[in-house]
Amino acid sequence: MTATPATSMTPTADGRPEMEGEVFWPAPEVVQHTIVPDWDALAQRADHDLEGFWAEQARELDWYTPWDKVLDESNKPFFKWFTGAKVNIVYNCLDRYMHTAIRNQVALIWEGEKGDSREISYAALNREVCRFANVLKGLGVAKGDRVTIYMGRVPEIAVAMLACAKLGAIHSVVYGGFSVDALAGRIDDSQSRLAITCDGAFLNGKIVQLKQIMDEALTRCPSIEHVVVVKRTGAGVAMQSGRDLWYHDLMADPAISDVCPTEVMDAEDPLYILYTSGTTGEPKAIVHTHGGYMVGIYATLKMVFDLHPEDRWWCAADPGWVTGHSYIVYSPLLNAATSLMYEGAPAFPQPDRWWALIEKYRISILYTAPTAIRGLMRFGDDWPGRHDLSSLRLLGTVGEPINPEAWKWYHRVIGHERCPIMDTWWQTETGMFMITPTPVVGLKPGSGTRPFFGLRAEILDEAGNPVPDGEEGYLVLLRPWPAMLRTVYQDPDRYVRQYWGRYPGKYVTGDSAKRDRDGYYWVIGRVDDVIKVSGYRLGTAEIESALVSHPAVAEAATIGLPHDVKGTAIHAYCILRQGETPSDALAAELREHVGRHMGPIAKPEAITFVDKLPKTRSGKIMRRVLKARALGLPEGDISTLEE
Ligand code: WTA
């Protein structure tokens with residue numbers, strides 16, 4: 001079957017289409033008040049006139065100079081969007097509101113894990129961003145320079161990102177849960193001139209030693225000239241004189257101006273790079289732009305979550321991942337909404353922390369990951385039951401497939417069967433939601449429903465033929481979209497090979513999926529060497545290299561196996577060096593070693609010591625075989641297995 005963009009369904013007597021399986025429909029009042037009340041009509045229009053649809057969205061934002069062309073396909077797969085246009089995403093996030101009433105509206109509500117809180121208006125955020133941009137300028141940061149940001153969840157992370165973007169500098173945010181090796185590798189690859197960090201971050205009642213980890217990483221990263229340090233914990237840290245500077249000292253300098261012109265950028269100029277793990281080897285940096293990315297994330301958040309300026313939006317992800325970039329920092333500001341950022345852990349100090357936050361700040365939309373839902377579900381219904389969750393209007397999920405049991409709990413206990421759940425499938429590479437419902441469509445627990453307006457997807461077999469509905473295959477995307485990655489930083493060949501090489505003209509997602517006869521997509525999971533642990537994207541190669549950096553380990557292989565809360569957990573198989581003896585103590589030491597080098601999220605759940613690993617004759621580890629053996633499943637085609 002060819003791709004059907006706007007599946008037309010047969011309506012039943014009550015006006016709703018007849019569909020396969022269990023379907024949850026929104027209440028009429030939800031439909032009436034949404035920005036896009038008629039899904040089919042817009043889907044058809046966008047499919048027939050892709051450029052017209054995106055131009056219409058783009059016109060809702062401000063441009064210094066309009067575009068000559070919406071989509072330039074002359075050098076595929078290096079697609080360009082809004083060519084000829086001049087723009088800066090920060091102009092649309094902040095500058096344009098300074099002469100309107102929005103300037104006094106709250107842009108960001110922040111709550112620390114200890115309960116301290118801040119409310120920052122659009123005007124105050126703009127002022128802070130201008131000042132910090134001037135500070136960065138004073139430190140020599142200019143358009144095109146890379147800046148590494150390694151911070152906790154504090155408002156200053158948004159300030160840092162926006163200040164870079166304002167100057168046209170390219171930010172590279174490294175998730176604060178990563179450790180020395182991961183950080184050093186990412187700084188080195190990006191050749192950043194400046195790093196921004198915190199003295200530490202509060203998490204689960206403890207302090208994450210961000211500055212200390214940064215110091216260790218910097219022993220290997222000569223490109224960094226200065227480190228700006230935000231004081232969060234107040235616990236003493238070593239400051240290297242000449243290199244390290246306190247954020248609050250720099251910002252207090254009376255010579256720093258509150259005014260800073262926003263750099264006029266080409267629509268296709270890079271906004272940021274973000275490292276993510278891919279099919280093979282080292283993590284690679286995905287490149288996103290000022291123009292197309294801005295339009296894509298603006299339109300998706302507005303339409304999928306029906307976001308209005310009076311909404312209180314809470315995306316509970318970490319700003320260090322793409323979800324946080326698009327939907328904590330940039331898009332809520334583009335939509336003039338109020339957004340909550342919470343510093344700490346969901347169940348700290350008690351399992352109702354999140355529900356208390358929703359009640360306290362009257363949150364209207366909560367967007368989180370299945371792992372968090374499963375984790376909080378374990379504590380039972382009483383904790384959410386103690387709080388008034390009536391402010392909630394919509395819910396959302398992202399990061400991995402959601403099991404129907406967790407979906408239904410979320411729907412019933414948190415949404416009181418009133419709030420539709422937007423299960424949004426997308427990736428670091430896509431920049432924006434791709435397969436997703438809107439509030440008006442029928443929902444099936446576990447399915448992201450259908451491709452967003454203007455998109456088409458297909459499920460293919462090995463040979464590139466579409467599989468029949470109901471069968472599993474490789475999920476690919478057929479049409480370009482404005483927030484798509486433009487390339488892999490400094491490695492255009494890898495961009496072409498990895499994403500467009502397998503099926504010419506089609507974008508390979510790395511996921512397997514099924515489509516049902518209603519045209520709904522069911523993503524199953526990764527088909528490459530990526531493991532999604534609690535929704536976090538990790539590469540087997542990076543974890544394995546952390547393992548073999550331990551003197552006792554000769555070789556290592558890692559796979560993901562199902563886990564009740566994490567979704568997938570890392571299992572490692574290690575061959576020890578001659579003279580080393582397997583023991584529980586050594587396994588524990590290796591787990592710690594990975595945690596210290598790569599980050600706590602990368603710690604293997606279990607380590608098994610083995611004498612041999614299944615390999616192909618060319619020496620490639622067959623993780624697929626390891627996984628099948630661990631799960632007691634058939635090993636499949638093992639004709640290439642060496643013996
Ligand atoms: C998975 C996160 C099922 C998928 C935004 C994808 C999902 C990878 C969903 C990208 C979802 C994300 N349902 N699977 N709603 N959302 N995934 O780059 O495997 O960290 O390829 O981006 O997460 O992870 P990334």
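Residues numbered from 1 in each chain as written. Predicted model: local features only at pLDDT ≥ 70, side-chain atom pairs only at ≥ 80, totals over all residues. Heavy atoms only, no water.

Colleague: An account of the site of the ligand is requested, with residue identities and associated values reported.
Modeller: Taken together, 17 residues lie near the ligand, and Asp423, Thr428, Arg526, Lys532 and Arg537 sit nearest. One nitrogen or oxygen atom from the main chain of threonine 424 is found 2.8 Å from a nitrogen atom belonging to the ligand. Lysine 532 has a polar side-chain atom sitting 2.8 Å from an oxygen atom of the ligand. Counting residues per element, the ones that place at least two in the shell around the ligand are helix H11 (322-334) and strand E24 (521-526). Partitioned by chemical class, the residues of the shell around the ligand number 6 nonpolar, 5 polar and 6 charged. (Near = heavy atom within 4 Å. Polar contact = N/O pair within 3.5 Å; in protein donor to acceptor, adjacent residues only side chain to side chain. Helix = DSSP H or I, 4+ residues; strand = E, 2+ residues; numbered from the N terminus. Nonpolar A, V, L, I, M, F, W, Y, C, P; charged D, E, K, R; others polar.)

Colleague: Any chance you could break down the layout of surface pockets for me, citing the residues and the numbers?
Modeller: Approximately 360 Å³ is the volume attributed to the second largest pocket. Taken together, 22 residues form the lining of the second largest pocket, with Glu29, Val30, Arg393, Arg418 and Pro420 sitting closest to its centre. (1 Å grid on protein atoms, 1.4 Å probe; cavity = no way out; pocket = protein on both sides within 12 Å on 5 of 7 lines; lining within 4 Å. Points joined across faces, edges and corners; volume = space filled by probe spheres on them.)

Colleague: Explain the environment of alanine 255 to me, and be specific about the residues and the numbers.
Modeller: Here alanine 255 lies in the loop between helix H9 (247-252) and strand E13 (265-266). Using a relative accessible area of 68% as the deciding quantity, one classes alanine 255 as exposed. Sequence-wise, alanine 255 and valine 135 are 120 residues apart; in three dimensions their C-alpha atoms are separated by 9.9 Å. (Buried < 20%, exposed > 50% of the residue type's maximum accessible area, 1.4 Å probe, protein only.)

Colleague: Describe the packing of helix H5 (residues 122-138) against helix H6 (residues 155-167), and please don't skip the residues or the numbers.
Modeller: Where H5 contacts H6, the two axes come as close as 8 Å, and the packing angle between them is 60°. Handedness of the crossing formed by H5 with H6: right-handed. Contacts between H5 and H6 involve Leu125, Glu128, Val129, Cys130, Phe132, Ala133, Leu136 and Lys137 on the former and, on the latter, Glu156, Val159, Ala160, Leu162, Ala163, Cys164, Lys166 and Leu167. In the contact of H5 with H6, the residues fall into 12 nonpolar, no polar and 4 charged. (Axes fitted to C-alpha atoms, helices over the stretch in contact; angles between N-to-C directions. Left-handed = near helix turned anticlockwise from the far one by under 90°. Contact = heavy atoms within 4.5 Å.)

Colleague: Can you break down the sheet that holds strand E27 (residues 553-563) residue by residue, with the values?
Modeller: With mixed pairing, the 3 strands of this open sheet are ordered in space as E27-E28-E29. Of all strands in the sheet, those with a lone pairing partner are E27 and strand E29 (606-609), marking the two edges. The mean angle between the axes of side-by-side strands here comes to 25°, regardless of whether they run parallel or antiparallel. Across 10 bridges, E27 lies against strand E28 (residues 567-576) in antiparallel orientation. Each residue of the ladder has a partner; that of threonine 558, found in E28, is alanine 572. The sheet strands contacting helix H18 (residues 584-597) are E27, E28 and E29, and the helix crosses E29 at an angle near 130°. (Pairing = 2+ DSSP bridges.)

Colleague: I'd like a description of the confidence of the model for the protein chain, backed by residues and values.
Modeller: Averaged over the protein chain, the pLDDT score is 95; the fraction of residues at 70 or greater is 98%. With pLDDT under 50 throughout, residues 1-6 is counted as low confidence; its partners more than four residues away or in other chains account for 18 contacts. (pLDDT = per-residue confidence, 0-100.)

Colleague: Could you give an account of the nonpolar core, naming the residues involved and the relevant values?
Modeller: Across soluble globular proteins, nonpolar side chains have a tendency to be buried as a group. The biggest cluster of nonpolar side chains holds 204 residues, and the ones touching the most others in it are Trp54, Trp63, Phe82, Ile89, Phe132 and Tyr330. Looking at which element gives the most residues to this core, the answer is H6, with 10 residues. If near-sequence neighbours (up to four positions away) are discounted, phenylalanine 82 is found in contact with Trp54, Ala58, Trp63, Trp67, Lys69, Val70, Ala267, Gly291, Gly292, Val295 and Pro482. (Core = buried A, V, L, I, M, F, W, Y, C linked by side-chain atoms within 4.5 Å.)

Colleague: Just give me the short version of the sheet that holds strand E15 (residues 284-289), but keep the residues and values in it.
Modeller: Read from one edge to the other, the open sheet built from 7 strands follows the order E12-E11-E8-E6-E7-E14-E15, with strand pairing classed as mixed. Each edge of the sheet is formed by a strand with only one pairing partner; in this case those strands are strand E12 (244-246) and E15. For this sheet, the mean inter-axis angle between neighbouring strands, taken without regard to orientation, is 25°. Set on the sheet, helix H7 (residues 180-190) makes contact with strand E6 (146-150) and strand E14 (270-276); between it and E6 the angle comes to about 165°. Set on the sheet, H11 makes contact with strand E7 (170-173) and E14; between it and E14 the angle comes to about 145°.

Colleague: Which residues make up the environment of lysine 532, and what values go with them?
Modeller: Position of lysine 532 among the secondary structure elements: in strand E25 (residues 530-533). Here the alpha-carbon distance between lysine 532 and isoleucine 570, two residues 38 residues apart in the chain, equals 8.9 Å. Not counting residues within four places of it along the chain, the set of residues in contact with lysine 532 comprises Gly399, Arg537, Lys566 and Thr568.

Colleague: I'd like a rundown of the pattern of salt bridges, residues and numbers included.
Modeller: For the structure shown, the criterion picks out 45 salt bridges. Where aspartate 266 meets lysine 86, a salt bridge forms, and the shortest distance between an N and an O atom there is 2.4 Å. One end of the pair, aspartate 266, is in strand E13; the other, lysine 86, is in strand E3 (residues 86-87), and 180 residues separate them in sequence. In this structure, aspartate 258 and arginine 127 form a salt bridge, with 3.0 Å as the shortest nitrogen-oxygen distance. (Salt bridge = Lys/Arg side-chain N within 4 Å of Asp/Glu carboxyl O.)

Colleague: Explain the packing of aromatic side chains to me, and be specific about the residues and the numbers.
Modeller: One pass over the structure, following the stated rule, counts 40 aromatic pairs. Pairing phenylalanine 78 with tyrosine 495 gives two aromatic rings, centres 5.1 Å apart and planes at 45°, and the pair type is tilted. Highlighted residues: phenylalanine 78 in the loop between strand E1 (69-72) and strand E2 (80-83) and tyrosine 495 in helix H16 (residues 492-500), separated in sequence by 417 residues. Classification of tyrosine 495 as buried rests on a relative accessible area of 0%. Within the aromatic cluster, the residues linked to one another by ring pairs are Phe78, Phe79, Trp481, Tyr495, Tyr499, Trp500 and Tyr507. (Phe/Tyr/Trp six-rings, centres within 6.5 Å; stacked < 30°, edge-to-face > 60°.)

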